[in-house]
Amino acid sequence: MSTATSNERYNAPDRERHWQSVWADARTFEADNGTDKPKYYVLEMFPYPSGRIHMGHVRNYAMGDVVARYRRARGFNVLHPMGWDAFGMPAENAAMERKTHPGTWTYENIAVMRDQLKSMGLSLDWSREFATCDPEYYAQQQRLFLDMLDAGLAYRRNAMVNWDPVDQTVLANEQVIDGKGWRSGADVEKRELTQWFFKITEFADELLEALDDLDRWPEKVRLMQANWIGKSRGIDIPFHRTDDGDPIHCYTTRPDTIRGASFIAISPEHPVAQSLAADHADIADFIAECRAMDTTEAALEKAEKRGIATGLTVGHPVDPDRTLPVWIGNFVLMDYGTGAVFGCPAHDQRDLDFARKYALPVANAFRMPGNNAEVADEALAPAKSETVVYIDHFAGITTATSQEGIDATIDWFEANGLGVGETRYRLRDWGVSRQRYWGCPIPVVHCPKCGVVPEKRENLPIKLPDDVTFDKPGNPLDRHETWKAVDCPECGGPATRETDTFDTFVDSSWYFARFCSPKAEAPVEPDAANYWLPVDQYIGGIEHAILHLLYSRFFTRAMKRTGHLDLVEPFAGLFTQGMVNHETYGSKETGWYAPSDVRLEGEGAARTAIVIETGASVPIGGVEKMSKSKRNTIDPTDIMAHYGADVARWFMLSDSPPERDVQWTEAGVEGAWRFQQRIWRLMADAMPRVGDAPTDKPDSLSDAALALQKSAHKAISSVSEAIETLRFNRAVAHIYEFTNVVADTLKGSKQGASGSTEDASFAWALRDALERLTHMLGPMMPHIAEECWARLGYNTLLAEAAWPDVDPALLVDDLMTIAVQVNGKRRDELEISRDADKAAVEAAALKLDGIVRALDGRDVKKVIVVPQRIVNVVA
RNA sequence: GCGGGCGUGGCGAAAUCGGUAGACGCAAGGGACUUAAAAUCCCUCGGAGGCAACUCCUUGCGGGUUCAAGUCCCGCCGCCCGCACCA
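Residues numbered from 1 in each chain as written. Chains lettered and ligands numbered in written order. Predicted model: local features only at pLDDT ≥ 70, side-chain atom pairs only at ≥ 80, totals over all residues. Heavy atoms only, no water.

**A short note on the layout of surface pockets**
So, step 1. Reported here for the second largest pocket is a volume of approximately 430 Å³.
So, step 2. Lining the second largest pocket are 22 residues, and of these His-582, Pro-595, Ser-596, Ile-634 and Glu-666 lie nearest its centre.
So, step 3. Contributing elements (two or more residues each) for the lining of the second largest pocket: strand S26 (580-587), strand S28 (598-601), helix H18 (636-642) and helix H20 (666-690).
So, step 4. Each residue belonging to the lining of the second largest pocket can be placed in one class, and the counts come to 10 nonpolar, 6 polar and 6 charged. (1 Å grid on protein atoms, 1.4 Å probe; cavity = no way out; pocket = protein on both sides within 12 Å on 5 of 7 lines; lining within 4 Å. Points joined across faces, edges and corners; volume = space filled by probe spheres on them. Helix = DSSP H or I, 4+ residues; strand = E, 2+ residues; numbered from the N terminus. Nonpolar A, V, L, I, M, F, W, Y, C, P; charged D, E, K, R; others polar.)

This is the structure in C-alpha cells:
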C-alpha cells in the first residue's frame, strides 16, 4: 500500500469496489444455520424491483446494516438476507407499454438493483437471495395454500368488489380514484364475485391480545393494529316485526340509548330489503341507486344520508306501547354487525340528521347533569367518563356510559331475555383473489362434476405460462385455453384451472421464514426456521404498519397450525424509519424541476431557484417526500459514484433520529464527505506518531495517554448503547466527538525523546484510540474502516473482528465538575473529588466566588447536595 | 368525530432518572495559509445589556407542584400521522 500524506485524498469509489470484492471472495457475510454463537436475524423489508433503488432504500438498508455489522462484531451468528417482492401490477403495465414479458422486465430490474445494492457495501448473505416470482418460491406458497385449505384457513365465497369494466379486473380501494379506475378512467362498478379468502378473523382476538407482548414494536404500530382489528363489546337486540313477528336483529354498543330509539334502518343489501324489492318498484330503484353509488372514502364522507320507508314497523323491545318504522338507509353497512341498526337521534349526530330530514321523532334516553334542554341540532353525546342521568328503564342501573355501565345494561337485557351480548371485530377476512397474470397462481381446478378441487401436491408448482399476450385488457390467463384446460385431479375428467392469482401481500407474508432455508423442498425446514426465527430486528416503512405486518402475523400463526413453524410472532423487534425528503423546485403552474436542473441563488428569504436551461426563476417549494411526480429525487447511484457509499450511508444516519423524516441536502452530503476525508487525514497524520508502539499496554500511562484512553472507552460505550437502541444519529455524534478528541490530542502533543517511556505510552494510547475509532466507524462506513484497519497493520478483516471491550473503571473520572446553584440558578461550578462526602461538597460550594457574590451576605436557609450531580443553595 | 404523536438557536438536533439547556453536525461571520481559488487550520456564533467582570431573558402560550421543570400536573394554541357512515 502506498504511504498516504495529508494531501492525498481518499478515493472512495475505488477502495469501496476493492473491499466489496474482498468480502464477497471471503464469503464473509454468509450465515451458517446453527453454530454455538447466539443467533441474530436482521431483516429490512425487501424491495419491489421497480427498476432503480431510491434514497429510502439507502436509508433503510444502511440502518439494517449497522445493526447487522454491530451484532456480528458482538459475537452473534447473524442472518442478514435480501430478496425481491417481485410479483405485481407494474410489471404487467410495463408489459403493455413496452411489449416485453413481465418476467423479463422484472428480472432485468432485479439485476440492476442487485448491482446497486452491492455497491452500497451491505453485509448481506447473497447466497440466500430469491424473488417471489421464482417458481421455486411460489411452488412452496401454493403448498402452504393447500395446507391452509385443508386446515379450514382458506375458503371461497361471494364478495362485493370494485370492478373496472374496461380493464376487466378487480381494483383495490386505493386504485379507485373519484369513482373511476386509475388506469382506464372508467366508472367503477360494484360487482359480486366469487373470491378466495384467508380466514384472518379466526385469529382476531389472538392477534389483538398478542400485541401487548410485542414490547419491541413501536406503540404507534400496535395501536394502529388494535384499531384495525377493532374489537367491540355490544349486544344483538331482536326487534320483532308487527306483521309476521319475525325479528330484525340490530347490533349496538350503546344499549343504554334504547329509550331514544325512534326508527330501524337496514342495509340495502339486507335480506328484508331484498325481499321487499321484489314487490315494490320504488324500493328496488333505491337499492339499485345505492349499489351504483361511489364507494371511495372521499365520496362516502360527502355522501348524503338517504333512506326510504319500507312501510314495515317493529315493536320497541323495552316499551311495548311503542312501534318503530323500518327504513332502508344507504349508510348502513351489510358486512358490519347485523346489517341493521336502531336509530337514536337524540344521542347520535348521524341519526339526528337522518331523523330531521325524514321528520322522525327525537326522544332523549338520558340527560346530562346541568343540561335539561331538548335536543335541537346537536346530538347529546357524553364522553365515556361523564355521568348521565337515565330516564325510565335504566334509572338506578347505570350511572355512566363507561364500559362498566354498558356491560351492566347488556346484563339487564340478557336477564330480561331481550338480547344477547356479543363481541364483534372490525377485521374482515382477507380477500386474496386478483384477476391478474403476474402473480402466484391459486392451485385449484374447477370441475363440472366435482366442483372446486385442490391441485395434487405432486403437480406443484402450477407455473405461469410464458406465452401470454397483453394486447387486450383483462387477465391473459383467462384466455389461455391450453393452460386453462386440465384434467380434474379428482375424477380425471375435463376441467378448468383457476385463473385468479394471489394478492402480492401473500408473497411477502412468509418470505422472512423462507430465508432460513431458501432452497428447501418444503416451504421451510423446521430446524432452520426454529433456529433463526423470530426476526430479532425488522426495519421498514410505517406504511406497512397494518397490512403487511398484520398479514405476516396471521401467516405465522397459520403456518404454526399447519405444522410448518413453531412460533406465532414473526418479528420480535420492529423499527419504522422515517422518509427521505427534499426541497421541491417549481409549482403546478411552472411544472416541477429536478434538483440537478436548477441553480440556487441567494440566502434566507431571498433564495431563488433558476432553471439552468432557460434562466427562468421558479418558486422553491416545501420539503417533501422524494417522488417522481414532484421530481425532487436524488439518484443514489450518482451519489455513490461521486462521494462513495460510505458517505451516502453516513449522511443517511446522521442528524435526524431514524424514526423521523430526514431532509436530503447537498451541504449535508458534503459535510459527510469532509468527515470521511478528515478520518483519512487523521490516520495519515497519526500513524507516524504510532510508529512501533508497544503491543502490550504499558505499566503506566502518561496523563495525555490516560485521558485519551478514557475518551476512547467512553466513546465505545456510548456508541454501543446508541446502536443497540437504534439511535444512529447519536452514535454519529459520539463518533464526531471522539474524532475531535483524537485530533486535538494529536495536535496538542509533542514528540518526546525517542524511546522515552512517556512517548511509548502515548504511542500505545494513540494506536489504541485509532483502533477503537476504526471499530466505531465499521458498522456505518464499512469500507473506509477496513482501509484504516489495514493501515493499522492488520491483514485480517475488520468485518470479522470482535468489538472492543470497555473497562468500566475508565468510564468514571476521579475529579468531576458539578454545578452550584443559588435559588435554582446556576452561579458557579465546583471541581471536586468524585467521592467527596456531602459535607465536604457543601463546604467547598459555599466558598466559591460566584456563590459568595450571589448570596450577597444573605443567610443560607438550606443547602441541597445531590452527590455527583448538583448543589443548590437556598437563601 | 375517535385514537396517537410532536412543538427547543438561522437549520437538523442533544439533554429519556426532575439536577450546568443548546452536545454533535450544517449554515453564517471574522482571521491564517495562498499570486488567487479550492482544500485545510484557528476564532465567534440563542436573545438583550455592558469596556469588562458580569447581569437579565429564553425550550409554543398561561397557570401549578418542587430546593430545582425542556422533562411532572392542569388548561389553552399550533402542526403532523392513523382510523372513520363501525351502529
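Moving on from the coordinates now.
**Re the pairing of strand S12 (residues 323-329)**
So, step 1. Of all 7 residues in S12, 5 are buried; the element is thus mostly enclosed.
So, step 2. Note that strand S10 (residues 263-266) and S12 share 3 bridges and pair parallel. Each bridged residue has a counterpart across the sheet, and for Ile-266 the counterpart in S12 is Ile-328.
So, step 3. Taken together, the 6 bridges between strand S11 (residues 307-315) and S12 define a ladder with antiparallel strand orientation. Pairing of Ala-309 across the sheet is with Trp-327, part of S12. (Buried < 20%, exposed > 50% of the residue type's maximum accessible area, 1.4 Å probe, protein only. Pairing = 2+ DSSP bridges.)

**Observations regarding the protein's contact with RNA strand B**
So, step 1. Around RNA strand B there are 50 residues in total, and Thr-252, Thr-253, Lys-305, Arg-730 and Glu-737 lie nearest to it.
So, step 2. The protein-proximal atoms of RNA strand B, defined as those within 4 Å of the protein, are 64% sugar or phosphate.
So, step 3. Contact between RNA strand B and Tyr-336: a base nitrogen at 3.2 Å from a main-chain N or O atom of the residue.
So, step 4. Here a phosphate oxygen of RNA strand B sits 3.2 Å away from a polar atom, N or O, in the side chain of Asn-729.
So, step 5. Counting residues per element, the surface near RNA strand B draws most heavily on helix H22 (residues 728-748), at 7 residues.
So, step 6. Here the residues of the surface near RNA strand B sort into 20 nonpolar, 11 polar and 19 charged. (Near = heavy atom within 4 Å. Polar contact = N/O pair within 3.5 Å; in protein donor to acceptor, adjacent residues only side chain to side chain.)

**A word on the pattern of salt bridges**
So, step 1. On inspection of all chains with the given rule, the structure shows 40 salt bridges.
So, step 2. Between Asp-125 and Arg-128 there is a salt bridge whose closest N-O contact spans 2.9 Å. The pair Asp-125 / Arg-128 is uniform in exposure class, with both members buried.
So, step 3. A salt bridge links Lys-199 to Glu-202, with the nearest nitrogen and oxygen atoms 3.9 Å apart.
So, step 4. It is possible to trace a salt-bridge network through shared partners that takes in Glu-206, Arg-553, Arg-557 and Glu-569. (Salt bridge = Lys/Arg side-chain N within 4 Å of Asp/Glu carboxyl O.)

**A word on the sheet that holds strand S20 (residues 451-454)**
So, step 1. Strand order in the open sheet formed by 4 strands is S20-S19-S22-S21, with antiparallel pairing between adjacent strands. The open sheet has two edge strands, S20 and strand S21 (485-487), and neither has a second partner. Adjacent strand axes in the sheet meet at a mean angle of 45°, parallel and antiparallel pairs treated alike.
So, step 2. Note: S21 against strand S22 (residues 494-497), 3 bridges, orientation antiparallel. (Axes fitted to C-alpha atoms, helices over the stretch in contact; angles between N-to-C directions.)

**What about the nonpolar core?**
So, step 1. One finds Tyr-41, Phe-145, Phe-198, Tyr-511, Leu-533, Phe-555 and Trp-664 to be the most contacted residues of the largest nonpolar core, which totals 169 residues.
So, step 2. Non-local contacts of Trp-664, meaning those with residues more than four positions away in its chain, are made with Met-55, Val-580, Asn-581, His-582, Met-626, Ile-634, Ile-639, Phe-651, Met-652 and Val-669. (Core = buried A, V, L, I, M, F, W, Y, C linked by side-chain atoms within 4.5 Å. Contact = heavy atoms within 4.5 Å.)

**Regarding empty space enclosed by the protein**
So, step 1. Applying the stated rule across the entire model yields 2 cavities of 30 Å³ or more.
So, step 2. Estimated volume of the largest cavity: approximately 130 Å³.
So, step 3. Lining the largest cavity we find Arg-69, Ala-73, His-775, Gly-778, Pro-779, Pro-782, Glu-786, Leu-798, Ala-799, Ala-801 and Trp-803.
So, step 4. Put simply, the parts of the chain that give the lining of the largest cavity at least two residues each are helix H2 (55-73) and helix H24 (782-791).
So, step 5. Taken together, the residues of the lining of the largest cavity sort by class into 7 nonpolar, 2 polar and 2 charged.
So, step 6. Tallied by class, residues from the lining of the second largest cavity come to 6 nonpolar, 2 polar and 1 charged.

**Examining the sheet that holds S10**
So, step 1. Spatially, S11-S12-S10-S13 is the arrangement adopted by the 4 strands of the open sheet, whose pairing is mixed. Of all the strands in the sheet, the pair left with one neighbour each is S11 and strand S13 (340-343). The mean angle between the axes of side-by-side strands here comes to 30°, regardless of whether they run parallel or antiparallel.
So, step 2. Sheet analysis places S10 next to S13, joined by 4 bridges and oriented antiparallel. Looking at the pairing, Ile-266 lines up with Ala-340 of S13.
So, step 3. Its contacts with the sheet place helix H9 (residues 281-292) against S11 and S12, and it is angled at close to 115° to S11.

**Re the confidence of the model for chain A**
So, step 1. The predicted model of chain A averages 89 in pLDDT, with 93% of residues at 70 or higher.
So, step 2. Element-level mean pLDDT values for chain A span from 51 in helix H10 (residues 297-302) up to 98 in helix H15 (residues 511-514).
So, step 3. Here residues 1-6 scores under 50 on pLDDT; set against residues more than four positions off or in separate chains, the count is 12 contacts.
So, step 4. Across the whole predicted complex the pTM is 0.92, and at the interface the ipTM reaches 0.95. (pLDDT = per-residue confidence, 0-100.)

**Considering the state of the cysteines**
So, step 1. Evaluation of the coordinates by the stated rule reveals 0 disulfides.
So, step 2. No disulfide involves Cys-290; its sulfur sits 18 Å from the nearest other cysteine sulfur, which is in Cys-250.
So, step 3. Since its relative accessible area comes to 10%, Cys-290 is described here as buried.
So, step 4. Unpaired in this structure, Cys-488 has its nearest cysteine sulfur neighbour in Cys-447, at a distance of 3.6 Å.
So, step 5. Taking relative accessible area as the criterion, Cys-488 reaches 3% and is therefore assigned buried. (Disulfide = S-S within 2.5 Å.)

**Digging into the packing of helix H19 (residues 645-653) against H24**
So, step 1. Put simply, H19 and H24 touch, their axes get as near as 7 Å, and they point 120° apart. Considering the angle they form, H19 stands oblique to H24. Of the residues in H24, those in contact with Ala-645, Asp-646 and Arg-649 of H19 are Pro-782, His-783 and Ile-784.
So, step 2. The class makeup of the residues in the contact of H19 with H24 is 3 nonpolar, 1 polar and 2 charged. (Parallel < 35°, antiparallel > 145°, perpendicular 65-115°, else oblique.)

**Things to note about unusual backbone geometry**
So, step 1. The peptide bond linking Leu-460 to Pro-461 adopts the cis configuration, its omega dihedral lying at -5°.
So, step 2. Among the structural elements, Pro-461 can be located in the loop between S20 and helix H13 (481-484).
So, step 3. The omega torsion of the bond from Leu-533 to Pro-534 falls at 0°, within 30 degrees of zero and hence cis.
So, step 4. Counting through the fold element by element, Pro-534 comes out in the loop between helix H16 (526-532) and strand S24 (537-541).
So, step 5. Even without being a glycine, Asp-655 presents a positive backbone phi close to 60°.
So, step 6. With respect to the helices, strands and loops of the structure, Asp-655 is situated in the loop between H19 and strand S32 (662-663).
So, step 7. On the accessibility criterion, Asp-655 (61% relative accessible area) is exposed.
So, step 8. Here Gln-868, not a glycine, exhibits a phi torsion of approximately 65°, which is positive.
So, step 9. Its location among the elements puts Gln-868 in the loop between strand S35 (862-866) and strand S36 (870-874).

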